[in-house]
Amino acid sequence: MKYTKNKNNKNLIKDFHEDYYTGLKGIYFNRILDKIIEIGDLRERNIKILDFGCGLGKLKKLLPDKVIGYDILPDLSDIDDWEKVNFDVIVANAVFYLMTKNELRKFLNELYQHNKNVEMIFTTGNKSLLLNNILKYVFLIPDAHLGTKLTPPKN
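Counting restarts for each chain, with residues numbered from 1 along the sequence as it is written. A pLDDT threshold of at least 70 governs which residues receive local features in this predicted model, and a stricter bar of 80 or more applies before side-chain atom pairs are shown or counted, although totals over entire chains, interfaces and linings include all residues. Values reported for side chains reflect all heavy atoms of the structure, with hydrogen atoms and water molecules removed beforehand.

Numbering of helices and strands starts at the N terminus; helices are DSSP runs of H or I of at least 4 residues and strands are runs of E of at least 2. Across its full length, the protein holds 4 helices and 6 strands. Secondary structure elements of the protein, listed N to C terminal, follow the sequence β-β-α-β-α-β-β-α-β-α. Within the protein, buried positions represent 39% of all 155 residues. By definition in these notes, contact holds between two residues if any of their heavy atoms fall within 4.5 Å. Counting only contacts in the protein whose residues sit at least 6 apart along the sequence, the fraction spanning at least 24 positions is 57%. Entry remark: accessible area of the protein is about 9600 Å², with carbon and sulfur atoms responsible for 54%. Burial classes: relative accessible area under 20% of the type maximum marks a residue as buried, over 50% as exposed, and values in between as partly exposed (1.4 Å probe, protein chains only). Using a 1.4 Å probe, accessible areas were evaluated by the Shrake-Rupley method; residue-level cover was limited to the displayed protein chains.

This is the structure:
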(Lines give C-alpha, C1' and ligand atoms only; values in the text may rest on other atoms or scores of the structure.)
Protein backbone atom coordinates (compact mmCIF):
# COMPACT_ATOMS: atom_id res chain seq x y z
CA MET A 1 0.00 0.00 0.00
CA LYS A 2 1.31 3.42 -0.96
CA TYR A 3 0.56 6.54 1.04
CA THR A 4 0.52 10.20 0.17
CA LYS A 5 0.10 13.45 2.06
CA ASN A 6 -3.08 15.40 1.57
CA LYS A 7 -2.79 18.77 -0.15
CA ASN A 8 -2.46 20.57 3.18
CA ASN A 9 0.37 18.18 4.15
CA LYS A 10 -1.23 17.68 7.56
CA ASN A 11 -1.78 13.94 7.80
CA LEU A 12 -0.81 10.90 5.84
CA ILE A 13 -3.75 9.28 4.10
CA LYS A 14 -4.06 6.17 2.02
CA ASP A 15 -3.26 6.53 -1.63
CA PHE A 16 -6.59 5.73 -3.23
CA HIS A 17 -5.00 4.86 -6.55
CA GLU A 18 -5.47 1.22 -5.52
CA ASP A 19 -8.48 -0.39 -7.19
CA TYR A 20 -10.84 -1.58 -4.46
CA TYR A 21 -13.38 -2.72 -7.05
CA THR A 22 -11.66 -5.97 -8.05
CA GLY A 23 -11.59 -9.46 -6.63
CA LEU A 24 -13.53 -10.49 -3.55
CA LYS A 25 -13.59 -7.01 -2.05
CA GLY A 26 -14.89 -5.72 -5.39
CA ILE A 27 -18.15 -7.57 -4.79
CA TYR A 28 -18.67 -5.52 -1.62
CA PHE A 29 -17.59 -2.15 -3.05
CA ASN A 30 -19.48 -2.56 -6.33
CA ARG A 31 -22.63 -3.43 -4.37
CA ILE A 32 -22.28 -0.14 -2.49
CA LEU A 33 -22.13 1.77 -5.79
CA ASP A 34 -25.16 -0.11 -7.09
CA LYS A 35 -27.08 0.87 -3.93
CA ILE A 36 -26.04 4.52 -4.25
CA ILE A 37 -27.34 4.58 -7.82
CA GLU A 38 -30.55 2.83 -6.79
CA ILE A 39 -31.24 5.01 -3.74
CA GLY A 40 -30.79 8.23 -5.69
CA ASP A 41 -32.41 6.94 -8.87
CA LEU A 42 -29.28 8.35 -10.47
CA ARG A 43 -29.43 6.34 -13.68
CA GLU A 44 -32.88 7.57 -14.76
CA ARG A 45 -32.80 11.23 -13.76
CA ASN A 46 -31.43 14.10 -15.83
CA ILE A 47 -29.03 15.49 -13.21
CA LYS A 48 -25.43 16.50 -12.65
CA ILE A 49 -23.68 14.56 -9.87
CA LEU A 50 -20.58 15.58 -7.93
CA ASP A 51 -18.67 12.50 -6.78
CA PHE A 52 -16.90 14.02 -3.77
CA GLY A 53 -13.88 11.83 -3.01
CA CYS A 54 -14.17 10.11 -6.39
CA GLY A 55 -11.02 8.01 -6.11
CA LEU A 56 -10.59 6.06 -9.34
CA GLY A 57 -13.88 7.36 -10.72
CA LYS A 58 -15.93 4.16 -10.65
CA LEU A 59 -19.21 6.07 -10.28
CA LYS A 60 -18.33 8.16 -13.35
CA LYS A 61 -17.62 4.97 -15.30
CA LEU A 62 -21.13 3.75 -14.43
CA LEU A 63 -22.79 7.13 -15.17
CA PRO A 64 -20.35 8.78 -17.61
CA ASP A 65 -22.42 11.76 -18.76
CA LYS A 66 -23.68 12.70 -15.31
CA VAL A 67 -20.71 12.62 -12.93
CA ILE A 68 -18.01 15.16 -12.16
CA GLY A 69 -15.26 13.70 -10.00
CA TYR A 70 -13.54 15.63 -7.23
CA ASP A 71 -10.81 14.19 -5.05
CA ILE A 72 -8.21 15.61 -2.69
CA LEU A 73 -5.67 13.77 -4.85
CA PRO A 74 -5.46 16.15 -7.83
CA ASP A 75 -4.54 13.49 -10.40
CA LEU A 76 -7.81 11.65 -9.64
CA SER A 77 -9.96 14.79 -9.95
CA ASP A 78 -11.78 16.16 -12.97
CA ILE A 79 -11.75 19.60 -11.33
CA ASP A 80 -9.58 21.64 -8.97
CA ASP A 81 -12.37 23.15 -6.88
CA TRP A 82 -15.75 21.52 -6.29
CA GLU A 83 -17.28 24.90 -5.47
CA LYS A 84 -16.74 26.09 -9.05
CA VAL A 85 -19.15 23.58 -10.58
CA ASN A 86 -22.92 23.23 -10.52
CA PHE A 87 -24.47 19.96 -9.50
CA ASP A 88 -27.82 18.64 -8.30
CA VAL A 89 -26.63 15.65 -6.25
CA ILE A 90 -23.47 15.07 -4.28
CA VAL A 91 -22.25 11.56 -3.56
CA ALA A 92 -19.70 11.11 -0.79
CA ASN A 93 -18.86 7.43 -0.63
CA ALA A 94 -16.80 6.58 2.47
CA VAL A 95 -15.23 10.04 2.66
CA PHE A 96 -16.48 11.70 5.83
CA TYR A 97 -14.57 9.40 8.17
CA LEU A 98 -11.39 11.06 6.87
CA MET A 99 -12.55 14.43 8.23
CA THR A 100 -12.59 15.77 11.75
CA LYS A 101 -15.91 16.98 13.15
CA ASN A 102 -14.89 20.57 12.47
CA GLU A 103 -13.80 19.78 8.90
CA LEU A 104 -17.10 18.03 8.26
CA ARG A 105 -19.12 20.92 9.73
CA LYS A 106 -17.17 23.40 7.61
CA PHE A 107 -17.68 21.31 4.48
CA LEU A 108 -21.43 20.91 5.08
CA ASN A 109 -21.78 24.66 5.67
CA GLU A 110 -19.89 25.38 2.44
CA LEU A 111 -22.05 22.85 0.61
CA TYR A 112 -25.23 24.47 1.92
CA GLN A 113 -23.99 27.92 0.87
CA HIS A 114 -23.11 26.58 -2.58
CA ASN A 115 -26.46 24.88 -3.18
CA LYS A 116 -29.21 24.96 -0.57
CA ASN A 117 -31.24 22.40 -2.51
CA VAL A 118 -28.53 19.84 -3.18
CA GLU A 119 -29.40 16.20 -2.61
CA MET A 120 -26.78 14.29 -0.68
CA ILE A 121 -26.05 10.58 -0.76
CA PHE A 122 -23.28 9.45 1.52
CA THR A 123 -21.96 6.21 2.88
CA THR A 124 -19.78 5.54 5.83
CA GLY A 125 -18.21 2.42 7.22
CA ASN A 126 -18.63 1.51 10.83
CA LYS A 127 -15.13 0.56 11.86
CA SER A 128 -16.32 -0.25 15.36
CA LEU A 129 -18.28 -3.27 14.18
CA LEU A 130 -16.59 -6.60 14.78
CA LEU A 131 -17.53 -7.89 11.33
CA ASN A 132 -16.07 -4.82 9.65
CA ASN A 133 -12.78 -5.33 11.48
CA ILE A 134 -12.71 -9.02 10.55
CA LEU A 135 -13.46 -8.32 6.89
CA LYS A 136 -10.56 -5.92 6.49
CA TYR A 137 -8.28 -8.90 7.13
CA VAL A 138 -10.31 -11.27 4.96
CA PHE A 139 -9.98 -8.75 2.10
CA LEU A 140 -6.26 -8.39 2.89
CA ILE A 141 -6.50 -4.67 3.64
CA PRO A 142 -5.50 -4.50 7.32
CA ASP A 143 -4.97 -0.73 7.05
CA ALA A 144 -8.49 -0.15 5.72
CA HIS A 145 -9.24 2.34 8.48
CA LEU A 146 -6.00 4.28 8.17
CA GLY A 147 -6.68 8.00 8.28
CA THR A 148 -9.90 7.70 10.26
CA LYS A 149 -10.60 10.95 12.09
CA LEU A 150 -14.33 10.72 12.65
CA THR A 151 -15.83 7.64 14.27
CA PRO A 152 -19.36 6.78 15.40
CA PRO A 153 -20.14 7.41 19.04
CA LYS A 154 -19.51 4.50 21.36
CA ASN A 155 -22.68 3.10 22.95
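Picking up after the structure, the text goes on.
Note on sheets: strands pair through backbone hydrogen bonds, and any given pair is parallel or antiparallel. Whether two strands pair depends on DSSP finding at least two bridges between them. Pairing in this open sheet of 4 strands is parallel, and the strands run β4-β3-β5-β6 from one edge to the other. Two strands lie at the open edges of the sheet, namely β4 (67-70) and β6 (119-123), each paired on one side alone. When the angles between neighbouring strand axes are averaged without regard to direction, this sheet yields 20 degrees. When strand β3 (residues 49-52) meets strand β5 (residues 89-93), the two strands line up parallel, connected through 3 bridges. In the sheet register, I49 faces β5, and the bridge partner there is V89. Axis geometry follows a simple rule: fit a line to the C-alpha atoms, using only the stretch in contact for helices, then measure angles between N-to-C directions, giving values from 0 to 180 degrees. Across the face of the sheet, helix α3 (residues 101-114) comes into contact with β3, β5 and β6 while running at roughly 155 degrees to β6.

Here we take up the pattern of salt bridges. Each reported salt bridge corresponds to a side-chain nitrogen of Lys or Arg within 4 Å of a carboxyl oxygen of Asp or Glu. In this structure the tally under the stated criterion is 4 salt bridges. Taking the shortest distance from any N to any O, the salt bridge between K106 and E110 comes out at 2.9 Å. Within this pair, K106 and its partner E110 are both found in helix α3, separated by 4 residues, close to a single helical turn. By relative accessible area, which is 53% here, K106 ends up exposed. On the basis of relative accessible area, E110 is assigned to the partly exposed category, the value being 24%.

Remember that side chains alternate between the two faces of the sheet whenever the strand is regular. Across the 5 residues that make up β5, a large majority, 5, are buried. Residues V89, V91 and N93 of β5 are buried on one face, and the alternating residues I90 and A92, pointing to the opposite face, are buried as well. As paired strands, β5 and β6 are joined by 5 bridges and run parallel to one another. Bridge pairing in β6 places V89 opposite E119. Seen with its strands pointing away from the viewer, a crossover is right-handed when the path leading from the first strand over the helix to the second is clockwise. Since β5 and β6 lie parallel, the crossover through α3 that links them has a hand, and here it is right-handed.

Most of the time, phi is negative for any residue but glycine, and the peptide bond is trans. With a phi angle near 50 degrees, D41 is a residue other than glycine that sits in the positive phi range. The residue D41 is located in the loop between α1 (23-40) and β3 in this model. Judged by its relative accessible area of 39%, D41 is partly exposed. Phi is positive for A94, which is not a glycine, with a value near 55 degrees.

Just distances and angles here, no functional claims.
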